[in-house]
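One-letter residues, chain by chain:
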Amino acid sequence: MAANAQTIETVENLAGEYKYGFVTDIESEILPKGLSEDTVRFISAKKGEPQWMLDWRLKAYRAWLRMAEEKGEPAWAKVSYPKIDFQDIHYYSAPKKKNLKSLDEVDPELLATYEKLGIPLKEREILAGVAVDAVFDSVSVATTFKEKLKDLGIIFCSMSEAVREHPDLVQKYLGSVVPITDNFYATLNSAVFSDGSFVYVPPGVRCPMELSTYFRINEAKTGQFERTLIICDKGAYVSYLEGCTAPMRDENQLHAAVVELVCMEDAEIRYATVQNWYPGDKEGRGGIYNFVTKRGACRGARSKISWTQVETGSAITWKYPSVILQGDDSVGEFYSVAVANNAQQADTGTKMIHLGRNTKSTIISKGISAGKAQNTYRGLVRVMPGAAGARNYSQCDSLLIGDRCGGHTVPYIEVKNRSAKVEHEATTSRISDDQLFYCRQRGLSEEDAVSTIVNGFCKEVLQKLPMEFAVEAQKLLGVSLEGSVG
Amino acid sequence: MLEIKNLHAKVDGKEILHGIDLVIKPGEIHAVMGPNGSGKSTLSYVLAGRDGYEVTEGDILLNGQSLLSMEPEERAREGVFLAFQYPVEIPGVANATFLRSAVNAVRKHKGLADMDAMTFLKTAKAKMKQLQMDEKFLQRAVNVGFSGGEKKRNEVFQMLMLEPSLMILDETDSGLDIDALKVVAEGVNALRSPERSALVITHYQRLLDYIVPDVVHVLARGRIIKTGGKDLALELEAKGYADIVADAA
């Protein structure tokens, strides 16, 4: 396959050691495996980034090297997997044609892929009111509805574009919620993130449509490191949804994303995720390692951040969408459904850090385990000395299907203010034979019965999702648990 | 309609039913009465095909077709409905959602299109009125927080919606006060038709004042020891099970 002449040239110009260049085929160009300062420089150059961005990345990369040397990967989660060789991963892969002016220039193959995924990329198909930013492997492919949003002053674009077009905003907020050295994977992400979505909603503006990103890992042996930054200015509102899929592959693939939310006075951000990365096969071969850092800061008084997640995919999920409640009377919410079937492992939960007065947080977690999967809720509620009148309510329910799986609940509660009220409730139950028989006696197939019971179990969380995605999530739950009984 | 032939069944390796013969013709209502532990509930579960209830001998035919190789849901779609003695709770699942799935599963089996939401609601509300049930039960989670009587009424409500060809009522009268009993019985009577049969399992005669059976069987120790008309139920009520069981022994 002929490599794109310009690509070869770029590589040759960049660094002599990349002498075998790219594996470039019709669809994409891939940076050779391996991670070094040059990898970081390459990615930055590829995106035409300014110096400050490169410096930021290099700082992260050096910090990551130290972390890798001193402590290595975090080992406290209840997940087990072979050691990851970080030199055996491609850190950049992109559909070849870039700098697209309009959707018409997007590779039809790519559009077809998104169509298969049910993502309405073409504007005429998205009258439903969802603006989509699609990230294929590492590069943001197209952002729909951009013009309409622009009229309202809302910026919704790829991270790469934001770095170029809105450097002030990016410089001000990037890393302000998840610092460069936050944790092993976040630090790695800071060094090599390739793209992601950027949203800015100006003061007083209520974003009239759901904003949405779809992530897709396509290439083999490719890591995906997207970076999302959402800023909701005073009194603004935005609802954001991300979906994720990946093809079936025998080897494991790494996904280490970072999402930062900044919420000002009286603003509200709702962030929903439907994560369906490839979970691996029944024996646990292949699947995505989903090591993600998501955190929001309620900076202003009366601001509100709500995380809703439906996690059905990935071989391993390591993810704790959190809220830092700085502003007085600010509100943090976490609604989660995590499904682990077959050999999947999920260690997920949240952190609610109460700093401001009268801050409130709610945690509803529903963990479903089937097959020989392990599913852990791990959560922290921390009330700092200044958080007078803080309140938290946590409810963690585990549902077990079969007798070879495990459900675990690990709540940490630290309260340093006497006026705080913290409640924690937890239950563990099984789908009973009585329930299954009852449903089947009414004519439901065994699989529909499981799906019905599980959806009922998750109802409090599912009803927090935007309508159309709730329907998708319900179907997904059924599919994820196929073959889990009998 | 229903033909039970020399039915032997085991639960946990222990034979509970020791050869039951019973024929219910279309349109007939049969009552099965018996003391506790006689195998009444086992019979209902075996008919419905519950896992763990193993048929070791004999056959069950519904309209000439053997049910034994069918899964519980296949039997349900063929028209077997079991009103549970202890209806099961399904948290978070609205009664309406659950029932509509059930109705449509049965309709699909019959080659009919799904019942749309509007028609479903209209039909459901009409049936609920018949059973003097509050409409709010449609939105409540299946049997969750229902009183004993409400659960039983909900079973009959489901039955009215699903219009089965064979109704099996397992101690539907237990836990019902007399007013509720009448309402439930009316619901069942409303379904009486020449092509629909019922097997009413009960410990007490009381229910049979309202759902008048064509035939009454006495089940004891896994066998039908006596069969008669409606009067047999009254005789049982007057004499108690002990005498009849002793007579038969």
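As shown above, the structure is provided for reference.
Calculation criteria
Residues numbered from 1 in each chain as written. Chains lettered and ligands numbered in written order. Predicted model: local features only at pLDDT ≥ 70, side-chain atom pairs only at ≥ 80, totals over all residues. Heavy atoms only, no water. Helix = DSSP H or I, 4+ residues; strand = E, 2+ residues; numbered from the N terminus. Contact = heavy atoms within 4.5 Å. Areas by Shrake-Rupley, 256 points an atom, 1.4 Å probe, with all protein chains shown as cover. Core = buried A, V, L, I, M, F, W, Y, C linked by side-chain atoms within 4.5 Å. Buried < 20%, exposed > 50% of the residue type's maximum accessible area, 1.4 Å probe, protein only. Buried area = accessible area lost by both parts, 1.4 Å probe. Salt bridge = Lys/Arg side-chain N within 4 Å of Asp/Glu carboxyl O. Polar contact = N/O pair within 3.5 Å; in protein donor to acceptor, adjacent residues only side chain to side chain. Nonpolar A, V, L, I, M, F, W, Y, C, P; charged D, E, K, R; others polar. Pairing = 2+ DSSP bridges. Axes fitted to C-alpha atoms, helices over the stretch in contact; angles between N-to-C directions. Parallel < 35°, antiparallel > 145°, perpendicular 65-115°, else oblique. Left-handed = near helix turned anticlockwise from the far one by under 90°. 1 Å grid on protein atoms, 1.4 Å probe; cavity = no way out; pocket = protein on both sides within 12 Å on 5 of 7 lines; lining within 4 Å. Points joined across faces, edges and corners; volume = space filled by probe spheres on them.

## Let's talk about the overall build of chain A
Here is step 1: The number of helices and strands found in chain A is twelve helices and 25 strands.
Here is step 2: Of the contacts made within chain A by residues no fewer than 6 positions apart, 81% connect residues no fewer than 24 positions apart.
Here is step 3: Accessible surface for chain A amounts to roughly 19000 Å². Of this, 48% is attributable to carbon and sulfur atoms.

## Describing unusual backbone geometry
Residue and element names in this part refer to chain B.
Here is step 1: Backbone geometry at glutamate 171 places phi at a positive 50°, although glycine is not the residue there.
Here is step 2: Relative to the helices and strands, glutamate 171 is located in the loop between strand S9 (166-170) and helix H6 (178-191).
Here is step 3: Even without being a glycine, arginine 221 presents a positive backbone phi close to 50°.
Here is step 4: By the element assignment, arginine 221 lies in the loop between strand S11 (215-220) and strand S12 (223-228).

## Re the nonpolar core
Here is step 1: Formed by 112 residues in total, the largest nonpolar core has its most connected members in Ile368(A), Val454(A), Ile4(B) and Phe157(B).
Here is step 2: The dominant element in this core, judged by the number of residues it contributes, is H6(B), at seven residues.
Here is step 3: Setting aside residues no more than four positions away along its own chain, Val454(A) makes contact with Ile368(A), Leu399(A), Ile401(A), Ile431(A), Leu477(A) and Leu481(A).
Here is step 4: Grouped together as the second largest cluster of nonpolar side chains are 54 residues, Val79(A), Tyr173(A), Val177(A) and Phe198(A) included.

## Some words on the interface of chain A and chain B
Here is step 1: The interface of chain A with chain B comprises 18 residues on the first partner and 32 residues on the second.
Here is step 2: On the chain A side of the contact with chain B, Phe437(A), Tyr438(A) and Arg442(A) bury the most area, a combined 39% of that side's loss.
Here is step 3: Taken together, the connections running from chain A to chain B amount to five salt bridges.
Here is step 4: Here Asp51(B) makes a salt bridge to Arg440(A), at a shortest N to O gap of 3.9 Å.
Here is step 5: At the junction of chain A and chain B, the tally comes to 13 residue pairs in polar contact (both at pLDDT 80 or more).
Here is step 6: Elements represented by at least two residues in the side of chain A that touches chain B include exactly helix H9 (433-441) and helix H10 (446-457) of chain A.
Here is step 7: The dominant element in the side of chain A that touches chain B, judged by the number of residues it contributes, is H9(A), at eight residues.
Here is step 8: A breakdown of the residues in the side of chain A that touches chain B according to their chemical character gives six nonpolar, six polar and six charged.

## Re the pattern of salt bridges
Here is step 1: A complete count under the given rule lists 31 salt bridges over all chains for this structure.
Here is step 2: In this structure, the salt-bridge partner of Lys83(A) is Glu73(A), at a minimum N-O distance of 4.0 Å. On the criterion of sequence distance, the pair formed by Lys83(A) in the loop between helix H3 (51-70) and strand S3 (93-95) and Glu73(A) in the loop between H3 and S3 is long-range, its members being ten residues apart.
Here is step 3: Of the residues examined, Glu73(A) reaches a relative accessible area of 14% and is grouped as buried.
Here is step 4: In this structure, Arg442(A) engages Glu155(B) in a salt bridge whose closest nitrogen and oxygen atoms are separated by 2.6 Å. Taken together, the residues Arg442(A) in the loop between H9 and H10 and Glu155(B) in helix H5 (residues 148-162) connect one chain to another. In this structure, Arg442(A) and Glu155(B) share a single accessibility class: buried.
Here is step 5: Each of Arg440(A), Glu446(A), Asp51(B), Glu71(B) and Glu73(B) takes part in a single network of salt bridges with overlapping partners.

## Points about the sheet that holds S12(B)
All names here are of chain B.
Here is step 1: In spatial order, the strands read S6-S9-S10-S3-S11-S12; together these six strands make up an open sheet with mixed pairing. Sheet topology places strand S6 (80-83) and S12 at the edges, where each strand pairs with a single neighbour. Across this sheet, the average inter-strand angle for adjacent strands is 20°, counted without regard to direction.
Here is step 2: Both S11 and S12 contribute to a ladder of five bridges, which runs antiparallel. Among the inter-strand pairings, valine 218 is bridged to a residue of S12, identified as lysine 226.

## Overview of the sheet that holds strand S5 (residues 65-66) of chain B
All names here are of chain B.
Here is step 1: Pairing is antiparallel across the open sheet formed by four strands, whose spatial order is S2-S1-S4-S5. One side of each edge strand has no neighbouring strand; the edge strands of this open sheet are strand S2 (14-24) and S5.
Here is step 2: Where strand S1 (residues 2-11) and S2 come together, eight bridges link them in antiparallel fashion. Of the residues in S2, the one forming a bridge with leucine 2 is isoleucine 24.

## With respect to the packing of H9(A) against H10(A)
Residue and element names in this part refer to chain A.
Here is step 1: Relative to each other, H9 and H10 sit at 120°, their axes nearing to 9 Å. Classified by the angle their axes make, H9 and H10 are oblique. Read as a crossing pair, H9 and H10 show a hand that is right-handed. Taking contact as the criterion, the partners of Gln435, Leu436, Cys439 and Arg440 in H9 are, on H10, Glu446, Ala449, Val450 and Ile453.

## Examining the environment of Asn189(B)
Residue and element names in this part refer to chain B.
Here is step 1: Relative to the elements of secondary structure, asparagine 189 occurs in helix H6.
Here is step 2: Residue asparagine 189 is classed as partly exposed on the basis of its relative accessible area, which comes to 28%.
Here is step 3: Along the backbone, asparagine 189 and leucine 67 are 122 residues apart, and their C-alpha atoms lie at a distance of 26 Å.

## Describing the packing of helix H4 (residues 117-130) of chain B against H5(B)
Residue and element names in this part refer to chain B.
Here is step 1: Running from N to C, H4 and H5 point in directions that differ by 130°, and their axes come no closer than 10 Å. As far as their axial angle goes, H5 and H4 are oblique. Crossing of H4 against H5: the hand is right-handed. Residue-level inspection shows Phe120, Thr123, Ala124, Lys127, Met128 and Gln130 of H4 in contact with H5, the latter providing Phe157, Leu160 and Met161.
Here is step 2: Considering only residue class, the contact of H4 with H5 consists of six nonpolar, two polar and one charged.

## Here's the deal with the pairing of strand S7 (residues 197-201) of chain A
Remark: a regular strand shows side chains that alternate across the two faces of the sheet.
Residue and element names in this part refer to chain A.
Here is step 1: Taking burial as the measure, the five residues of S7 include five buried ones, the bulk of the element.
Here is step 2: By the alternation rule, side chains of S7 split into Ser197, Val199 and Val201 and Phe198 and Tyr200, which are all buried.
Here is step 3: Here strand S6 (residues 155-158) runs beside S7; their pairing, made up of four bridges, is antiparallel. Bridge pairing in S7 links phenylalanine 156 to valine 199.
Here is step 4: As defined by bridge partners, S7 adjoins strand S9 (residues 227-232) across four bridges and the pair is classed as parallel. Along S9, the bridge assignment pairs valine 201 with cysteine 232.

## Concerning empty space enclosed by the protein
A probe as big as a water molecule, rolled over the atoms, marks out the empty space that is left.
Residues and elements named next belong to chain A.
Here is step 1: For the structure shown, the criterion picks out four cavities of 30 Å³ or more.
Here is step 2: Of the pockets and cavities examined, the largest cavity occupies roughly 100 Å³.
Here is step 3: For the largest cavity, the lining is made up of 19 residues, of which Ser365, Gly367, Asn375, Thr376 and Tyr377 are closest to its centre.
Here is step 4: Taken together, the elements giving at least two residues each to the lining of the largest cavity come down to strand S18 (331-340), strand S21 (360-369), strand S22 (374-383), strand S23 (391-400) and strand S24 (406-415).
Here is step 5: Its residues placed into classes, the lining of the largest cavity shows five nonpolar, twelve polar and two charged.
Here is step 6: Here the second largest cavity defines a volume of roughly 60 Å³.
Here is step 7: Where the lining of the second largest cavity is concerned, the elements lending two or more residues are strand S10 (237-245), strand S13 (268-276) and strand S14 (287-298).
Here is step 8: Within the lining of the second largest cavity, the residues separate by chemical class into five nonpolar, four polar and five charged.

This is a description of form; function is not addressed.
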